[in-house]
Amino acid sequence: MDPLHQFQINPLFQIVLGGYDVSFTNSAFFMVVAVAAIYALLVMGMANKSMVPGRLQALAEMFYEFVANLVRDNAGHDAKPYFPFVFSIFMFVLIGNMIGMIPYTFTFTSHIIVTFALAATVFVFVTILALMKHGLHFFSFFMPHGAPIALAPILIPIEVISYVMRPVSLSIRLFANMMAGHTMLKVFAGFTVMMISGLGALGFVTGLVPLAINVALTGFEFLVAFLQAYVFSILTCLYIRDALELH
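Along each chain, residues carry numbers from 1 onward, in the same order as the chain's sequence is written. Per-residue local features are limited, in this predicted model, to residues with pLDDT of at least 70; the limit for side-chain atom pairs, both in listing and counting, is 80 or more; totals at the level of whole chains, interfaces and linings are taken over all residues. Water and hydrogen atoms were dropped before computing side-chain values, which therefore reflect all heavy atoms in the structure.

Going by an unreviewed UniProt entry, the protein chain carries the name ATP synthase subunit a and comes from Azospirillum thiophilum. UniProt positions are given in the numbering used here, feature names are shortened, and annotations may be inferred rather than shown by experiment. On record in UniProt, under Sequence similarities (unreviewed entry), the comment for the protein chain is "Belongs to the ATPase A chain family."

This is the structure we're talking about:
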């Protein structure tokens, strides 16, 4: 009945290399499942390439067009070469979130180490991209255009801290939303079971209220799972645009 038990990481295969525990865990397993599901969707969906698409092809094309529009509208046409990067992140986060909605699975995006690794990957990518495109001129990003030079000692540290905190805010937003949502679902599910089993026939009637709330929360959690993948991807697009245009 512990609502936090669902987030416990357990090793499936114990592996120790050089004194370090690198066991294959349930979190790693469902990451592999997510990658396999994405691969199957895209490969099987686009295998026939019919003029009149089937369900899988229509779903694959829908995701492709959605992310392509996301990149074009938020990062600009110059960001087109980086579409595969954004698409990979969107699909990995989305499928990971959706897999976590299936009972007895594991939501790896509810762990900050996973979300921070994704956010740090985005941070390093956009920083390297900005340095490659602009060279040392990249550091002008930390001094707002048109600001008085006298304010530089104040503005530059603020801008640097804001820039460095990007992966922190990006990772916490995803992890916190997924963890809070799943915990809430578990708590209400526990209420439903206790009310139905503890009060007999009366419990069956009174248990319908938390059951209805749990159904509504489940639908809301599906929406949150999609929205968090969308927010993560749209912020990635905005960071890429900053790297390309330095503003």
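**Student:** Got a minute to help me understand the overall build of the protein chain in this structure?
**Tutor:** Secondary structure counts use DSSP, requiring at least four H or I residues in a row for a helix and at least two E residues in a row for a strand, with both numbered from the N terminus. What the protein chain contains, in helices and strands, is 8 helices and 4 strands. Reading the secondary structure of the protein chain in the N-to-C direction produces β-β-β-β-α-α-α-α-α-α-α-α. Each principal axis of the C-alpha atoms in the protein chain carries an extent, and together these give about 75 × 55 × 45 Å. Per-residue accessibility, obtained with a 1.4 Å probe over protein chains only, is compared with the maximum for each type, and a residue is labelled buried under 20%, exposed over 50%, and partly exposed between these values. Buried residues in the protein chain amount to 38% of all 247 residues. Residue contacts follow a heavy-atom distance rule, with two residues in contact if any of their heavy atoms lie within 4.5 Å. When contacts within the protein chain are restricted to residue pairs at least 6 apart in sequence, long-range pairs at least 24 apart make up 69% of them. On the protein chain, roughly 14,100 Å² of surface is accessible, and the fraction owed to carbon and sulfur atoms is 74%. Here the Shrake-Rupley method, with its probe set to 1.4 Å, supplies the accessible areas, and only the displayed protein chains count as covering residues.

**Student:** Is there a simple way to explain helix H4 (residues 112–134) in this structure?
**Tutor:** At 3.6 residues per turn, the α-helix brings residues three or four places apart onto the same side. With 23 residues, H4 ought to run about 33 Å at 1.5 Å a step, and its terminal C-alpha atoms sit 32 Å apart, in line with that. For H4, the full list of buried residues reads Val114, Thr115, Leu118, Ala119, Val122, Val126, Thr127, Leu129 and Ala130. Every helix has an expected span of 1.5 Å times one less than the residues it contains.

**Student:** Teacher, can you tell me more about the UniProt feature "transmembrane region" (unreviewed entry) in the protein chain here?
**Tutor:** If you check UniProt for "transmembrane region" (unreviewed entry), the listed places come out as residues 28–47, 82–106, 112–131, 138–158, 187–213 and 219–240 in our numbering. Regarding residues 82–106, the helix share stands at 68% and the strand share at 0%, and the terminal C-alpha atoms are separated by 30 Å. Summarising residues 219–240: 100% helix, 0% strand, and an end-to-end C-alpha distance of 32 Å.

**Student:** I'm lost on the side chain of Thr236 in this one. Help?
**Tutor:** Residue position: Thr236 is located in helix H8 (residues 208–245). Note on Thr236: relative accessible area 1%, which makes it buried. Those residues in contact with Thr236, other than ones at most four positions away along the chain, are Phe85, Val86, Ile89 and Val122.

**Student:** I keep staring at empty space enclosed by the protein and nothing clicks. Help me out?
**Tutor:** With a probe scaled to a water molecule rolled over the atoms, the places where space remains empty come into view. Grid points spaced at 1 Å over the protein atoms alone were grouped into cavities, where a 1.4 Å probe fits but cannot get out, and pockets, open sets with protein on both sides within 12 Å along at least five of seven lines, with lining residues defined by an atom within 4 Å of a point. Grid points are joined across faces, edges and corners, and a volume is the space filled by probe spheres set on the points. By the definition in use, this model includes 1 cavity of 30 Å³ or more. When its volume is computed, the largest cavity comes out at roughly 40 Å³. Forming the walls of the largest cavity are Val126, Ala130, Phe138, Phe141, Tyr163, Arg166, Tyr239, Asp242 and Ala243. Elements supplying a minimum of two residues to the lining of the largest cavity: H4 and H8.

**Student:** Explain the pattern of salt bridges here, please?
**Tutor:** Pairs may arise between side chains of opposite charge once their charged atoms sit close together. Salt bridges are defined by distance alone: a side-chain nitrogen of Lys or Arg within 4 Å of a carboxyl oxygen of Asp or Glu. Tallied over the entire structure, the rule returns 2 salt bridges. One salt bridge in this structure joins Asp242 and Arg166, with 2.8 Å as the shortest N-O distance. A residue pair is termed long-range when its members are at least 10 positions apart, and Asp242 in helix H8 and Arg166 in helix H6 (residues 166–198) qualify at 76 residues. When its relative accessible area of 14% is taken as the criterion, Arg166 is described as buried. For Arg241, the salt bridge is made with Glu245, and the minimal N-O distance between the two is 3.4 Å. Pair noted here: Arg241 and Glu245 are both in helix H8, with a separation of 4 residues, about one helical turn. The partly exposed category is assigned to Glu245, whose relative accessible area is 34%.

**Student:** I would appreciate a short explanation of the nonpolar core in the present structure.
**Tutor:** If you look at soluble globular proteins, the nonpolar side chains tend to sit buried side by side. By nonpolar core is meant a set of buried Ala, Val, Leu, Ile, Met, Phe, Trp, Tyr and Cys residues that side-chain atoms within 4.5 Å join together. Core analysis: the biggest nonpolar cluster contains 50 residues, and Val71, Met91 and Phe232 have the highest contact counts within it. Every element with two or more residues in this core is listed here: helix H1 (26–45), helix H2 (55–75), helix H3 (83–99), H4, H6 and H8. Sort the elements by how many residues they give to this core and H3 lands first, with 12 residues. Among residues more than four places away in sequence, those in contact with Phe232 are Ile89, Thr115, Leu118, Ala119, Val122, Leu170 and Leu174.

**Student:** Could you clarify how one ought to interpret H8 in this entry?
**Tutor:** Spanning 38 residues, H8 covers 55 Å between terminal C-alpha atoms, matching the ideal 56 Å at 1.5 Å per step. Of the residues one or two after H8, Leu246 is the one with positive phi, at around 55°.

**Student:** Just to check I follow, could you spell out the confidence of the model for the protein chain for this structure?
**Tutor:** When pLDDT is low, close inspection of the predicted coordinates is not appropriate. Of the residues in the protein chain, 95% reach a pLDDT of 70 or more, and the chain-wide mean stands at 87. Known as pLDDT, the predictor's confidence for each residue is given on a scale from 0 to 100. Predicted confidence in the protein chain is weakest over helix H7 (residues 200–206), with a mean pLDDT of 61, and strongest over H3, with 95.

**Student:** Please explain the layout of surface pockets as it appears in this structure.
**Tutor:** Estimated volume of the largest pocket: approximately 650 Å³. Lining of the largest pocket is provided by 21 residues; of these, Gln6, Pro103, Tyr104, His182 and Lys186 occupy positions nearest its centre. Within the residue set of the lining of the largest pocket, elements represented by two or more residues are H6 and H8. Tallying contributions element by element places H6 first for the lining of the largest pocket, with 6 residues. Reported here for the second largest pocket is a volume of approximately 200 Å³. Together, Tyr64, Ala68, Val71, Arg72, Gly76, His77, Ala79, Lys80 and Phe83 line the second largest pocket. Of all the elements, H2 adds the most residues to the lining of the second largest pocket, at 4 residues. Note on residue categories: nonpolar means Ala, Val, Leu, Ile, Met, Phe, Trp, Tyr, Cys or Pro, charged means Asp, Glu, Lys or Arg, and polar means any other residue, Gly included. Each residue belonging to the lining of the second largest pocket can be placed in one class, and the counts come to 5 nonpolar, 2 polar and 2 charged.

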